[in-house]
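Commentary on secondary and tertiary structure
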Amino acid sequence: MLRFIDLVLCLLVLISLAHEELIEGNTIQNVVNKSIIKTIKVETDEVIDCYDIYRQPSLNHPLLYNHTIQMAPSSYPKGMKLDNFGTFQLKQTWHKYGLCPEGTIPIRRKAKNYDPILLHKHSPLKLSPYKTNVTSSDDVNSVHSHEYATIEVEGYFLGAQAKINLWKPVTEIYGEMSISQVWVTAGPDDNVNTIEAGWQVFRRLHGDDYTRFFIYWTNDGYRSSGCYDLMCDGFVHISSTIALGCNFTEVSTFNGSQKDATFSIHKDQSSGHWWVQLQGILVGYYPSFLFKELSKWATQVSWGGEITNWKSKGRHTSTQMGSGHFPSEGGLKTSSYFNWVQVVNKNYTAEDPENVVIHVTNPDCYDLKIDDDHYDTNGYGFYYGGPGYNDKCQ
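Residues numbered from 1 in each chain as written. Predicted model: local features only at pLDDT ≥ 70, side-chain atom pairs only at ≥ 80, totals over all residues. Heavy atoms only, no water.

Some words on the sheet that holds strand 2 (residues 47-52)
Spelled out, the test is: By the convention used here, strands pair only if DSSP detects at least 2 bridges between them. Here a strand is any run of E in DSSP of at least two residues, a helix any run of H or I of at least four, and the numbering for each starts at the N terminus. Comment: axis = line fitted to C-alpha atoms, over the contacting stretch for helices; angle = value between 0 and 180 degrees taken between N-to-C directions.
Spatial strand order, 1-2-3: three strands in an open sheet with antiparallel pairing. Bordering the open sheet on either side are strand 1 (36-41) and strand 3 (104-108), each of which pairs with just one other strand. Taking the axes of each pair of neighbouring strands and ignoring which way they run, one obtains an average angle of 25° across the sheet. Both strand 1 and strand 2 contribute to a ladder of five bridges, which runs antiparallel. From the neighbouring strand, threonine 39 faces strand 2, where its bridge partner is aspartate 49.

So this is what it looks like as structure tokens:
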């Protein structure tokens, strides 16, 4: 009997140690996951785990066994701005509570209400700008649509970037999202490869309505591969300061201060990996062997806004895109903007997009206007967005 009690006590001690969390400054005592070097407790029950960069979860991907992590690109496109340029020094909220040590990467734990259906995109919650109307059986069991206000170019590209205005748009329904981003894609719609980067408000994914940095990928037309951020294996994260899925400390205000950040994607000429940068900071890369269509170059690049409309109450919802104001209502401080929009051409040089096509799916709800007045100071750019439901948008 005593031996049984001793065994039970030993098991209880082990269980206690296995669940003990590391909070700022304490010694690590997690015997279950030695990959986590440090844990940072953030407000609103958010937790950041600092993983050993060489034990990050993505390296469990079958194609990444024995992968040698590339710590920086072998080269950068000519003419691509590499400095931390924007309207403020980039910070994420979790920085106030601690930082991850060198040699680790920050990973945000999944929200308590995380919905596993968001992992793979056989559920029509994330589509390319070229697929706009879909039918879903999840949640409300009703028709909903993706709507866009974007510009697009076709050709052969090795990257793209833009400085994107940061806002906190309102989403009416829990399952709706509002996104501003860059798409780099190749392949037919039913098997499209895409890499995406930008910001989003998406309560169903994140559990709140904060404006958060995100990336996304798929190699089979959003059916069964790919995911947001690090929700599946694939993206190799190298930055100890930028966490995927975490919110920005500041966003723009109507008729007030404007905040923006530069999002860029480019292909390394030597390794072929697709690198993601935020404000000139190297976040990490998608290995080239994850893709077939994107193995050489992208054939389409898009920039702009995307929302989902669940058509609740038998009408269009009031989910906002960008600032929630049309370009026709005014420019700076009113409508949201993209500045310094560039592609990386086949000669590995950043340049303005040419032969641009404007793609607006529902101009009564959201619109886009090229900014021809500020090229000298802001490069190629445009205003975009809208309020959703209004007298014309039903």
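Observations concerning the side chain of threonine 308
Applicable threshold: Working definition: with a 1.4 Å probe on protein chains only, accessible area under 20% of the residue-type maximum means buried, over 50% means exposed, and in between means partly exposed.
With respect to the helices and strands, the residue threonine 308 is situated in strand 15 (residues 298-309). According to the relative accessible area criterion, threonine 308 is buried, its value standing at 2%.

Details of the packing of aromatic side chains
This is how it is decided: A pair of Phe, Tyr and Trp rings is counted when the ring centres sit within 6.5 Å of each other, with Trp represented by its six-membered ring. The angle between the planes then sorts it: under 30 degrees is stacked, over 60 is edge-to-face, the rest tilted. To sit over a ring, a charge needs its Lys NZ or Arg CZ within 6 Å of the ring centre and within 35 degrees of the ring normal.
As enumerated under the stated definition, the model contains 15 aromatic pairs in all. Ring centres 5.8 Å apart and planes at 85° place the aromatic pair tryptophan 217 and phenylalanine 291 in the edge-to-face group. Residue tryptophan 217 is found in strand 9 (residues 212-218), and its partner phenylalanine 291 is found in the loop between strand 14 (281-286) and strand 15; the two are separated by 74 residues along the sequence. Taken individually, tryptophan 217 and phenylalanine 291 each receive the classification buried, so the pair is uniform in this respect. Ring geometry for phenylalanine 338 against phenylalanine 382: centres 4.7 Å apart, planes inclined by 15°, an arrangement best described as stacked. With phenylalanine 338 in strand 16 (residues 336-344) and phenylalanine 382 in strand 20 (residues 382-385), this residue pair connects regions lying 44 residues apart in the sequence. Each member of the pair phenylalanine 338 and phenylalanine 382 is classed as buried. These aromatic residues form a ring-pair network of at least three members: Phe202, Phe214, Tyr216, Tyr222 and Tyr228. Across from the ring centre of tyrosine 389, 4.4 Å away, lies the NZ or CZ of arginine 315, which sits over that ring.

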